[in-house]
Amino acid sequence: MQDISYNKRFEYNWDVPFKVTLGESYFRFLDGLKNKKILGNICPKCNGLHVPARPFCDKCLVEITKWYETSGIVTIESFSVTYVKFLGLPDPPHITGIVRAENAVTSFLHQIGGIPYDEPKELDEKTKIGMKLKPVWAEKRIGDIQDILYFTPVDA
Amino acid sequence: MKNKVAIVSCGIIKYEGQNELGMWNDEATFKVSKMALDNVGAEKDDLDFVVISTMDGLDGITISNGLLAPAAGAYNKSSVRIETTGVHCIFSAVADILSGNSNLVMVASSDTLEMDFGYVTNFNQDVYFRGPVGFNASQSYGMLAMDYLKKHNIDEKDYARIANKNYLAGAVNPYAHINKKYSTEEIMASPYVNWPLRSLEIGKISNGAVACLIASEEKAKELTDNPVWISGIGLTSSQYLGSWKELSDMKAIKKACKKASDMAGIKDLKKEIDLMEITAPFAPFELIAMESLGFCEEGKAVDMLNNGDTSIGGTLPVNLSGGGLCTNAPNSGGLFRVVQAVKQLNNELDGVNTENMEKALVHDSDMFIGAVGGVSHGVLMLEKGE
Amino acid sequence: MSNNVIKKEWRFNFDFSVASGETYGRFFKGLNDKKIIGNICNNRTFYPPKPFCDKTLKPPDAWLECDGAGIVEAFTICCEKSNGVKFSKTDKKPDVPYVLGVIKIKDSEHCIIHFISGFETKDVSEIADKIEIGMKVKPVWATKREGEILDIEYFEPVI
Ligand SMILES: [Zn+2]
């Protein structure tokens, strides 16, 4: 058995910066966001619409080159309301949603906002699968997924 | 293990400097994997298993399987990600094929980011003893280089000569990151980084991607007329917090090589091996590895170097790819060397003539060679055949 | 390469906390008292101690203690500043050039890595000439000790 009276706690830290230059597909998607456009691309083999745009189709393993501009309206496929504070995330309550653009074969993660509530707990009920959402754009857009601040109900 | 498992196709892009590739891990992985499939007219659906080799600290994301495995064709298929070297990945592919589970396996790896490699390799170390003194990979290279220098009374200029030999080879390799023919004088004039190593004697970090398709005998014969057979493979781990004597003696390489040779039925390495690719991120490691692998007596590798035996056109060319000084990719370096050896056996590289070369040895290691910290070494034996 | 590119920058910034366990804990407690604790397994001596012997995979038999004197087995002279788990926040990077040595304490089966200092020159070649393999060194203790490896400020040659 260990004699835990000798135990000593060590604190340490990693703080490493990384840099990468993205390729054309990710560039065009992010550049589209600057112009308030949500772009997708279509697989030449399975015709699957990918939003966000991707360099290749996972399913067919072929390059995707055909571009498509979506309306920007997305549908909630799944969501989770967060009631506690997490490092790097907005103050609670906030809603993380898996949303899908039009008839895309892929979905993506983003924040959902602008659903009115009195008690935070109501958000569980008021957020609905299948709900249509539209993007709320940042004032200053830099070509980042956060150029979309969050998605909000179309009729809000 | 004759005629059981073969490398049937390779995909590779030209290596560049850090963040000079202009694409992220997934795209680079896709490009080379697709290339490997296309080269032999295979489809994603022909794949049974996918092995990815990258490390979190070098990917800039943790547990990157989700991102990278599908890019190599793993969607709805079995896959693993191995956080060590290329030869370990090939081992995994070979095991799955020999078990009868798979006929065709994709092995892929990529490096696409810019990061502080020294810092990341400091994370490889424990946080009690070695982390706090800032110990990193480059320093471990310096220690081994010093050990060899003092043990064998070598001239520092010999280290510059090995570097020069590698730069000459890299200059004619279309896939190598560094294509500049640095002279021995230029190398000697470069500043010390970790004495006795100078900056041109340590590989700059490279970005690129590489994939190979590994197939069962039956599948190999169906897909290609130029299979390169995997005749032997050996892996060994060294000690962590081990004795310097044991580590500098490279016992782990010796054991890995013995396993691989035995499996390949190789009796006399010196006679039978035609060319070698050695993971040498710092110049003199080539000498140390050659001796540990048993190609010459201790302290004699420098004579082979100075005789030109290991150069282009020599009797035992080592690192015709330009080695770790010209392409130093921490994730994909091992597979890069495997692919280079395959291309050399197939005499596919324009800059060098490797006709009639039949057998190759590839040594691979995680990047902490030198390593006073635990290291994994892998040795792979390749054979040209029908 | 296409001109249509976006550069992305991000960082890993993680804080970790880990418990030493008894074996290493004894070693670090020893440093506080200017002692080097080790252990022994089947006549194989370990400074610092190991929780297990990796040749036999058995737990060690007994604790040992010594003053930390040892020999230099290998070294490198670091001429570039480098980042490390301990340096990133405090930014207490050692001034270059500095020597990082592989040191075997007493009759230990394994080595530790630590700074070797006490040379009167900053010239790399001169430092290199002053260090011999097998040279005897001893720890120089920090005045303020916290039970960590840097309680040994560095090792210096025994004259
Ligand atoms: Zn598709």
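It should be emphasised that the depicted structure is a prediction, and the values quoted were computed from it without experimental measurement. (Residues numbered from 1 in each chain as written. Chains lettered and ligands numbered in written order. Predicted model: local features only at pLDDT ≥ 70, side-chain atom pairs only at ≥ 80, totals over all residues. Heavy atoms only, no water.)

(A) Inspection of the overall build of chain C at higher detail. Of the regular secondary structure elements, chain C holds 3 helices and 9 strands. Counting from the amino terminus, chain C carries its helices and strands in the arrangement β-α-β-β-β-β-α-β-β-α-β-β. Radius of gyration (C-alpha) of chain C: 19 Å, far over the 15 Å computed for a compact globule of 159 residues. Dimensions of chain C along its principal axes, counting C-alpha atoms only, are 65 × 40 × 35 Å. Burial analysis of chain C (159 residues in total) assigns 48% to the buried set. Across chain C, the fraction of contacts at a sequence separation of at least 24, relative to all contacts at a separation of at least 6, is 54%. Looking at chain C as shown, the accessible area adds up to about 8000 Å², and 48% of this sits on carbon and sulfur atoms. Counting 24 positive and 24 negative side-chain charges, chain C places the averaged centre of each group 5 Å from the other. (Helix = DSSP H or I, 4+ residues; strand = E, 2+ residues; numbered from the N terminus. Rg over C-alpha atoms; globule rule 2.2 N^0.38 Å. Buried < 20%, exposed > 50% of the residue type's maximum accessible area, 1.4 Å probe, protein only. Contact = heavy atoms within 4.5 Å. Areas by Shrake-Rupley, 256 points an atom, 1.4 Å probe, with all protein chains shown as cover. Lys, Arg positive; Asp, Glu negative; His and termini not counted. Charge placed at Lys NZ, Arg CZ, Asp CG, Glu CD.)

(B) Broad picture of the interface of chain B and chain A. In this assembly, 27 residues from chain B lie in contact with 25 residues from chain A. Here chain B packs against chain A, burying approximately 2300 Å² in sum over the two surfaces, 66% of which is carbon and sulfur. When the area that chain B buries against chain A is broken down by residue, the three leading residues are B:Phe30, B:Phe123 and B:Val127, summing to 22%. Our count for the chain B to chain A interface comes out at 3 salt bridges. Between A:Lys45 and B:Glu43 there is a salt bridge whose closest N-O contact spans 3.4 Å. Across the contact surface, chain B and chain A share 10 residue pairs in polar contact (both at pLDDT 80 or more). At the level of elements, α1 (25–39) and α5 (117–122) of chain B are the ones that each hand at least two residues to the side of chain B that touches chain A. (Buried area = accessible area lost by both parts, 1.4 Å probe. Salt bridge = Lys/Arg side-chain N within 4 Å of Asp/Glu carboxyl O. Polar contact = N/O pair within 3.5 Å; in protein donor to acceptor, adjacent residues only side chain to side chain.)

(C) Here's a closer look at the pairing of strand β8 (residues 94–101) of chain A. Residues and elements named next belong to chain A. Pairing of strand β7 (residues 74–82) with β8, which is carried by 8 bridges, proceeds in the antiparallel orientation. Paired with Val-74 across the strands is Ala-101, a residue of β8. Relative to strand β9 (residues 108–112), β8 runs antiparallel, the two being bridged by 5 bridges. Directly across from Ile-95, in β9, lies its bridge partner Ile-112. (Pairing = 2+ DSSP bridges.)

(D) View of the sheet that holds strand β2 (residues 36–41) of chain C. Residues and elements named next belong to chain C. Taken together, 3 strands build an open sheet; the order of strands is β3-β2-β4 and the sheet is antiparallel. This sheet does not close on itself; its edge strands, each paired only once, are β3 (44–46) and β4 (62–66). With direction set aside, neighbouring strand axes in the sheet form an average angle of 30 degrees. Relative to β4, β2 is paired through 5 bridges, and the arrangement is antiparallel. In the sheet register, Gly-38 faces β4, and the bridge partner there is Leu-64. (Axes fitted to C-alpha atoms, helices over the stretch in contact; angles between N-to-C directions.)

(E) Focus on helix α7 (residues 156–171) of chain B. Here α7(B) spans 23 Å end to end across 16 residues, near enough to the 22 Å set by a 1.5 Å rise per residue. B:Glu156, B:Asp158, B:Tyr159, B:Ala160, B:Ile162, B:Ala163, B:Asn164, B:Lys165, B:Asn166, B:Tyr167, B:Ala169 and B:Gly170 are the residues of α7(B) that are buried. (Expected span 1.5 Å × (residues − 1).)

(F) Local environment of the coordination of the zinc ion. Residues and elements named next belong to chain A. Around the zinc ion, the protein supplies Cys-43 (SG), Cys-46 (SG), Cys-57 (SG) and Cys-60 (SG) as donor atoms, at distances of 2.3 Å. Classification of the site at the zinc ion rests on its 4 donor atoms, whose angles at the metal span 104 to 114 degrees, yielding the label tetrahedral. Within one chain, the residues serving as donors to the zinc ion are arranged as C-x2-C-x10-C-x2-C. Within this pair, whereas Cys-43 is found in the loop between β2 (39–42) and β3 (49–50), its partner Cys-57 is found in strand β4 (residues 56–57), the two being separated by 14 residues in sequence. Across this residue pair, the class does not change: Cys-43 and Cys-57 are buried. (Donors = N, O, S within 2.8 Å, 3.2 Å for Na, K, Ca; no water. Tetrahedral: all angles 85-135°; square planar, octahedral: opposite > 155°, others 65-115°.)

(G) Expanded view of a negative patch on the surface. Residues and elements named next belong to chain C. Residues Asp-123, Glu-126, Asp-129 and Glu-132 make up a contiguous surface patch of negative charge. Relative to the helices and strands, Asp-129 resides in helix α3 (residues 124–130). On the basis of relative accessibility, which here comes to 61%, the residue Asp-129 falls in the exposed class. (Patch = residues over 30% accessible without salt bridge, like charges linked within 9 Å, V, L, I, M, F, W, Y side chains within 5 Å.)

(H) The arrangement of the packing of helix α11 (residues 251–264) of chain B against helix α13 (residues 285–293) of chain B in detail. All names here are of chain B. Where α11 meets α13, the axes come as close as 8 Å, and the angle between the chain directions of the two elements is 50 degrees. By the angle class used here, α11 and α13 are oblique. In the crossing of α11 with α13, the sense of the turn from one axis to the other is right-handed. Across the interface between the two elements, Ile-253, Lys-254 and Cys-257 from α11 touch Phe-285, Ala-289, Ser-292 and Leu-293 from α13. Across the contact of α11 with α13, the residue classes break down as 5 nonpolar, 1 polar and 1 charged. (Parallel < 35°, antiparallel > 145°, perpendicular 65-115°, else oblique. Left-handed = near helix turned anticlockwise from the far one by under 90°. Nonpolar A, V, L, I, M, F, W, Y, C, P; charged D, E, K, R; others polar.)

(I) Structural view of the pattern of salt bridges. Enumeration over the complete set of coordinates arrives at 35 salt bridges over all chains. Connected through shared salt-bridge partners, A:Arg54, A:Asp58 and B:Asp26 make up one network.

(J) Representation of the side chain of B:Ser376. Along the chain, B:Ser376 falls in strand β12 (residues 376–384). Ignoring sequence-local partners within four residues, the contact set of B:Ser376 consists of B:Thr84, B:His88, B:Thr236, B:Ser237, B:Asp364, B:Ser365 and B:Asp366.

(K) Here's a closer look at the packing of aromatic side chains. Within this structure, the stated rule accounts for 27 aromatic pairs over all chains. Consider the rings of C:Phe27 and C:Phe28, whose centres lie 5.3 Å apart with planes at 80 degrees: the pair is edge-to-face. On the accessibility criterion, C:Phe28 (0% relative accessible area) is buried. An aromatic cluster is present here, built from A:Tyr12, A:Trp14, A:Phe18, B:Tyr119, B:Phe123, C:Trp10, C:Phe12, C:Phe14 and C:Phe16 joined pairwise through their rings. The ring of A:Phe10 carries A:Lys8 above its face, with NZ or CZ at 5.5 Å from the centroid. Over the aromatic face of A:Phe56 sits the side chain of A:Arg54, whose NZ or CZ is 4.9 Å from the ring centroid. (Phe/Tyr/Trp six-rings, centres within 6.5 Å; stacked < 30°, edge-to-face > 60°. Lys NZ or Arg CZ within 6 Å of the ring centre and 35° of its normal.)

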